[in-house]
Amino acid sequence: MATLAGRDFYQEWERAAHSCVVEIRAAYGHDPGSSRIAETVAELSEASEEFAGLWRTHDIKAKSQEGKHLRHPRVGDLHIAFAAFTVNGALHQQLGRYRSRWCRPGR
């Protein structure tokens, strides 16, 4: 969105960008008076028409389980599995678990 480095790092850029925006919107829904989130959204919207367009869709999704496919410049392709778990007694907090697997070229 605001930087091109992410497009090289995330193998599935559109999916990663959408996921980030909908998670920010979910966080904003939990704290709609947050000036910090509002300032961040305004800054990103001004810097990136792509972000602004995704923000206007009003999609909301909390983290749950998904995978990320990354292309690290020194390590190579990585597939990361992610799972989020709600923390009882800690309002709007989650515990995240990441598991990576190195991918050989061509796999």
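K.L.:
Where do I start with the overall build of the protein chain in this structure?
P.N.:
Helices and strands together make up the secondary structure of the protein chain, namely four helices and three strands. When its helices and strands are written in sequence order, the protein chain yields α-α-α-α-β-β-β. Out of the 107 residues in the protein chain, the part that is buried amounts to 24%. Taking the intrachain contacts of the protein chain between residues at least 6 apart in sequence as the baseline, contacts between residues at least 24 apart amount to 45%. Of the accessible surface of the protein chain, which amounts to about 7,600 Å², a share of 53% is contributed by carbon and sulfur atoms.

K.L.:
Sorry if this is basic, but what is going on with the nonpolar core here?
P.N.:
As a rule of thumb, soluble globular proteins bury nonpolar side chains together. Trp13, Ala17, Val21, Ile37, Val41, Phe51, Leu54 and Trp55 together form the largest nonpolar core, which totals eight residues. Of all the secondary-structure elements, those providing two or more residues to this core are helix H2 (13-30), helix H3 (35-47) and helix H4 (49-56). In contact with Trp55, not counting residues within four places along its chain, are Val21, Ile24, Arg25, Tyr28 and Val41.

K.L.:
Help me out: how do you make sense of empty space enclosed by the protein in this one?
P.N.:
If a probe as big as a water molecule is rolled over the atoms, it shows which places are left empty. The full count for this structure, using the stated rule, is one cavity of 30 Å³ or more. Counted as a void, the largest cavity has a volume near 110 Å³. Lining the largest cavity are Tyr10, Glu12, Arg15, Ala16, Ser19, Cys20, Glu66, Gly67, Lys68 and His69. Its residues placed into classes, the lining of the largest cavity shows three nonpolar, three polar and four charged.

K.L.:
Sorry if this is basic, but what is going on with H4 here?
P.N.:
The periodicity of an α-helix, 3.6 residues per turn, causes residues three or four positions apart to be oriented the same way. Where H4 is concerned, the buried positions are Phe51, Ala52, Leu54 and Trp55. Take H4 and look down its axis: the buried residues cluster within an arc of 165°, on one side only. Exposed positions of H4 whose direction lies more than 90 degrees from the buried face are Glu49 and Arg56. On its buried side, H4 packs onto H2 and H3. Of the residues that open H4, the one with a side-chain oxygen 3.3 Å from the backbone nitrogen of Glu50 is Ser48. Looking at the residues trailing H4, positive phi occurs at His58, about 65°.

K.L.:
Looking at this structure, I do not really get the pairing of strand E1 (residues 65-72). What am I missing?
P.N.:
The side chains of a regular strand alternate between both faces of the sheet. Taken together, the eight bridges between E1 and strand E2 (residues 76-86) define a ladder with antiparallel strand orientation. Of the residues in E2, the one forming a bridge with His72 is Gly76. Linkage of E1 to E2, two consecutive antiparallel strands, is achieved through a turn of three residues.

K.L.:
Please clarify how the side chain of Ser48 should be interpreted in this entry.
P.N.:
Position of Ser48 relative to the elements: it lies in the loop between H3 and H4. Overall, Ser48 belongs to the buried group, its relative accessible area being 3%. Of the polar contacts made by the side chain of Ser48, one reaches the backbone nitrogen of Glu50; its length is 3.3 Å. A distance of 3.0 Å separates a polar side-chain atom of Ser48 from the backbone nitrogen of Phe51.

The rules we used
Residues numbered from 1 in each chain as written. Predicted model: local features only at pLDDT ≥ 70, side-chain atom pairs only at ≥ 80, totals over all residues. Heavy atoms only, no water. Helix = DSSP H or I, 4+ residues; strand = E, 2+ residues; numbered from the N terminus. Buried < 20%, exposed > 50% of the residue type's maximum accessible area, 1.4 Å probe, protein only. Contact = heavy atoms within 4.5 Å. Areas by Shrake-Rupley, 256 points an atom, 1.4 Å probe, with all protein chains shown as cover. Core = buried A, V, L, I, M, F, W, Y, C linked by side-chain atoms within 4.5 Å. 1 Å grid on protein atoms, 1.4 Å probe; cavity = no way out; pocket = protein on both sides within 12 Å on 5 of 7 lines; lining within 4 Å. Points joined across faces, edges and corners; volume = space filled by probe spheres on them. Nonpolar A, V, L, I, M, F, W, Y, C, P; charged D, E, K, R; others polar. Arc of directions from axis to C-beta. Polar contact = N/O pair within 3.5 Å; in protein donor to acceptor, adjacent residues only side chain to side chain. Pairing = 2+ DSSP bridges.

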